[in-house]
Amino acid sequence: MNTIKPLDHITHTKSYVPGGKLHGATGPVAMLASNENPFGPSPLAVEAIRKAAGEGLQVYPDPDYTALREAIAKAKGIADASRVVTSAGSDEIIHLLTQCYAGPGDEVLFTEHAFSMYEVSARAHGAAAIKAPETDMTAGVNSILGAVSPKTRILFLANPNNPTGTMLSLDALKSLQDVLPPHVLFVVDGAYSEYLGPDYEAALRDLVDRRDTTVMMRTFSKIYGLAALRLGWAYMPKAIADTYQRIRGPFNVNTLAVEAGIASVGDDAFLTLSRDHNTAWRGTMTDALNAMGLPTAPSHANFVVCEFGAAERAAAAHQYLKDQSILVRAIAGYGLPTKLRITIGSAEDNTRCLEALKAFTASR
Ligand SMILES: Cc1ncc(COP(=O)(O)O)c(C=O)c1O
């Protein structure tokens, strides 16, 4: 028996369960489980990666990531690039903020069906994970406020949320921000914000400027199609950015991610193409699923969640699709066992998925 014991709270931390992969499949595979962009990255990112791969990978990146932070600030209308921080995927921001602000005896708050890394991170740092109940898979300001206590250190809120796709209005976010006690760091996770368009992105940015206790975190893994490179960023009040920088690994973002991020962050044509495809297909998928008797929640992101009426039926549909090399996301681990989450993929993959589900619902 190993005599080296992890800390108790690490032993009690359950790992994140990813969307998974299909191994050994023959023929076309439809990966609709992890909310990735079916177009891949912007061509400008691919060109920048090729160029960077050919020159200087033996050299460490710039530890200040100045060029990347300035490119993000410019593209997103942020006046002070020193308040932009970067990360190896936005998961790292969740971890580092939790490490900075919450520990044993503290509480980290999120909503009932929130992105599960919030819970993983809270537990991994010894803090209690507190869930505010949702109504119809949607967070509510009063419910969140009711769960705040003197021990609450951080509130994580993804808007739109994963895995539900639902969101709070901007007015609701502002009223939450207005009444949240000043000891709570409010982290708005905008992982899917680009799917609502630049005005919404700007509105989230402006939330950070309304209070010195609000952070907006973002990712290059979704609409930017760079999940494999692991690149995230956040816009923060100065004091919080300085705290974050103190414990961040000096070279946490790799050079290929840096160059791809710089090249693609301002590629508005690519963002528009991806967003328009998503909006159109999200409507098509929603209508088709509803017509099959699979009700959907209103989604504002790049996926839809549909209801199968029973956990066994949802699990059977998941397996039925998997047998045809179509991978969607089971969300029983999120407390939603009767539902499946389906990423909006390419036209071909979406069509295959809908046809398979039509056959499934006709027989079961
Ligand atoms: C709401 C939300 N936040 C953060 C992340 C983490 O993304 P990444 O670490 O790839 O930047 C995800 C990924 O699915 C997400 O859905």
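Here the residue numbers are simple positions, counted from 1 along each chain's written sequence. Only residues with pLDDT of at least 70 are given local features in this predicted model, and only at 80 or more are side-chain atom pairs given and counted; all residues enter the totals for whole chains, interfaces and linings. To get the side-chain values, all heavy atoms of the structure are used, and hydrogens and water are removed first.

**Some words on the domain arrangement of the protein**
- All the domain ranges listed were derived from an automatic or database domain assignment. Its domain assignment divides the protein into domain 1 (8-32 + 268-363) and domain 2 (43-264).
- Across the boundary between the two partners, domain 1 contributes 26 residues, which contact 29 residues of domain 2.
- Summed over both sides, the interface between domain 1 and domain 2 buries roughly 2300 Å², with carbon and sulfur atoms accounting for 68% of that surface.
- Take the accessible area each of two parts loses on contact, using a 1.4 Å probe, and add the two losses: that sum is the buried area. Among the residues of domain 1 in contact with domain 2, Arg275, His300 and Tyr334 are the three that bury the most area, contributing 27% of the side total.
- Should a side-chain nitrogen of Lys or Arg be within 4 Å of a carboxyl oxygen of Asp or Glu, the pair is scored as a salt bridge. Here domain 1 and domain 2 share zero salt bridges between them.
- Identification of polar contacts relies on pairs of N or O atoms within 3.5 Å, with a donor-acceptor requirement for protein atoms, meaning one able to donate a hydrogen and the other able to accept it, and with residues adjacent in sequence counted only if both atoms are side-chain atoms. Seen at the junction of domain 1 and domain 2, the total is eight residue pairs in polar contact (both at pLDDT 80 or more).
- Counting from the N terminus, the helices are the DSSP runs of H or I reaching at least four residues and the strands are the DSSP runs of E reaching at least two. Put simply, the parts of the chain that give the side of domain 1 that touches domain 2 at least two residues each are helix H1 (8-11), helix H11 (268-291), strand S9 (303-307) and strand S11 (339-343).
- Sort the elements by how many residues they give to the side of domain 1 that touches domain 2 and H11 lands first, with five residues.
- Any residue outside Ala, Val, Leu, Ile, Met, Phe, Trp, Tyr, Cys, Pro, Asp, Glu, Lys and Arg is labelled polar, Gly included; the first ten of those are nonpolar and the last four are charged. Of the residues assigned to the side of domain 1 that touches domain 2, the class counts are 12 nonpolar, 10 polar and four charged. Note on definitions: a residue-residue contact is assigned when non-hydrogen atoms from the two residues lie within 4.5 Å.

**Here we look at the environment of Gly197**
- You can see Gly197 is positioned in the loop between strand S6 (185-189) and helix H8 (198-210).
- On a C-alpha basis, the gap between Gly197 and Pro182 in space is 30 Å, while along the polypeptide they are 15 residues apart.

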